[in-house]
Amino acid sequence: TAVFVALVVTLGYAFIFLPNVEAVTATVFISGFLLGKKRGSIVGLLGEFIYASLNPYGASMPPLLAAQVASMGLTGLLGGSVGSRYKEKITLSAVLLLRFALWGILLTLIYDVATCAGFFAFAGFSARQMLASLAVGLPFYAVHLGSNAIIFASVVPVLLKKALDRKLLREREYR
C-alpha cells in the first residue's frame, strides 16, 4: 500500500508540467485492482492528500482538497470492484480495452465534476460564473478525459495482465 501511495505522489509530480495529463487516476485504479477495495481506497485517499497538499503550485483549499481526496478514494474502490471480477487472468481484447477506456472516462468525469464543485464552493461563484468557467475550461476537460481514456485503454490493461500473469506464475512455482 505504501509503495502505491509513493507511486501516486511521484507520478503526480512527474506529469505536473503537462496540463490535464496525469497518471494518478490510473495508478490509484491499478492499486485497487491489485490490492482490493479497502487498500485501493486508502492509496487514493492518502496519495491524493499528500500530492494535493504538497503541490508546488500551492496546496488545495479545503473544499477542493476534499473533492480531490474523495474522488481518488472512489477510484481505488472502483478499481477493487473491477479487480474482483478478474482474479485469475486478463485476456486483452478490443472489448476489454474499451471497458477500461470507459472506466477511465467515468472516473475522470467524476473527478472533474467533483473538483469543479469544490472549487466553485470555495470561490463563491454564481451560477453564471460557474457556467462561464466551465465553458472556458472545456478544452482542458477534454484533454483530461481523452488522455485518461488512452492511458486506461493502453497502459492499464497491459500492466494488470503482466501483474496477474506473474502472480499466477509464482503461485504455480510454490505448488
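Scroll up to find the structure this text is about.
Residues numbered from 1 in each chain as written. Predicted model: local features only at pLDDT ≥ 70, side-chain atom pairs only at ≥ 80, totals over all residues. Heavy atoms only, no water.

**Section: the packing of aromatic side chains**
Counted only if it meets this: Stacked, edge-to-face and tilted labels apply to pairs of Phe, Tyr and Trp rings (six-membered ring for Trp) whose centres lie within 6.5 Å, assigned for plane angles under 30 degrees, over 60, and everything in between, in that order. Numbering of helices and strands runs from the N terminus, with a helix taken as a DSSP run of H or I at least four residues long and a strand as a DSSP run of E at least two residues long. Residue burial is assigned from relative accessible area. The probe radius is 1.4 Å, only protein chains are included, and a residue is buried under 20% of its type maximum, exposed over 50%, and partly exposed in between.
Scanning the model with the defined rule gives twelve aromatic pairs in all. Seen in terms of ring centroids, Phe 29 and Phe 33 are 6.5 Å apart; in terms of plane orientation they differ by 40°. Their pairing is tilted. In this pair, Phe 29 and Phe 33 are both assigned in helix H2 (residues 24-35), four residues apart and thus about one turn of the helix distant. Neither Phe 29 nor Phe 33 differs from the other in exposure class; each is buried.

**A look at the packing of helix H1 (residues 2-14) against helix H3 (residues 37-53)**
Quick note on the threshold: For helices, the fitted line uses only the C-alpha atoms of the stretch in contact; every axis is such a line through C-alpha atoms, and the angle between N-to-C directions lies from 0 to 180 degrees. By the definition adopted for this analysis, an angle is roughly parallel if under 35 degrees, roughly antiparallel if over 145, roughly perpendicular if from 65 to 115, and oblique otherwise. Here a crossing is called left-handed whenever its near helix is offset anticlockwise from the far helix by less than a right angle, and right-handed whenever the offset is clockwise. Whether two residues are in contact is decided by their heavy atoms, any of which lying within 4.5 Å being enough.
Direction vectors running N to C along H1 and H3 enclose 40°, while the axes themselves pass 8 Å from each other. When the axes of H1 and H3 are compared, the pair comes out oblique. The interaxial crossing formed by H1 with H3 has right-handed handedness. On H3, the residues touching Phe 4, Val 5, Val 8, Val 9, Gly 12 and Tyr 13 of H1 are Val 43, Leu 46, Gly 47, Glu 48, Ile 50 and Tyr 51.

**Remarks on unusual backbone geometry**
One non-glycine residue, Asn 20, lies in the positive phi region at around 65°. Within the fold, Asn 20 resides in the loop between H1 and H2. A residue is classified by how much of its surface remains accessible, and Asn 20, at 28% relative accessible area, is partly exposed.

**Re the pattern of salt bridges**
Counted only if it meets this: Basic side-chain nitrogens of Lys or Arg form a salt bridge, by our definition, when they fall within 4 Å of a carboxyl oxygen of Asp or Glu.
Throughout the structure, instances matching the rule amount to one salt bridge. The residue Asp 165 makes a salt bridge to Lys 161 at a minimum N-O spacing of 3.0 Å. Of the two residues, Asp 165 and Lys 161 both sit in helix H6 (residues 127-174), four residues apart, roughly one turn of that helix. Taking the relative accessible area as the measure of exposure, Asp 165 reaches 31% and is therefore partly exposed.

**Considering the environment of Ala 66**
Here Ala 66 shows up in helix H4 (residues 62-83). Spatially, the C-alpha atoms of Ala 66 and Ala 114 are 9.1 Å apart, while their sequence positions differ by 48 residues.

**Structural notes on the nonpolar core**
Our working rule: What is meant by a nonpolar core is a set of buried Ala, Val, Leu, Ile, Met, Phe, Trp, Tyr and Cys residues, joined one to another through side-chain atoms within 4.5 Å.
Core analysis: the biggest nonpolar cluster contains 24 residues, and Phe 29, Phe 33, Tyr 86, Ile 90, Phe 100, Val 156 and Leu 160 have the highest contact counts within it. Among the elements of the structure, H1, H2, H4, helix H5 (94-123) and H6 are those that each provide at least two residues to this core. Considering each element in turn, this core owes the most residues, six residues, to H2. Look past the residues within four positions of Phe 33 in its chain and what remains in contact with it is Gly 79, Gly 80, Val 82, Gly 83, Tyr 86, Ile 90, Phe 100, Leu 160 and Leu 164.

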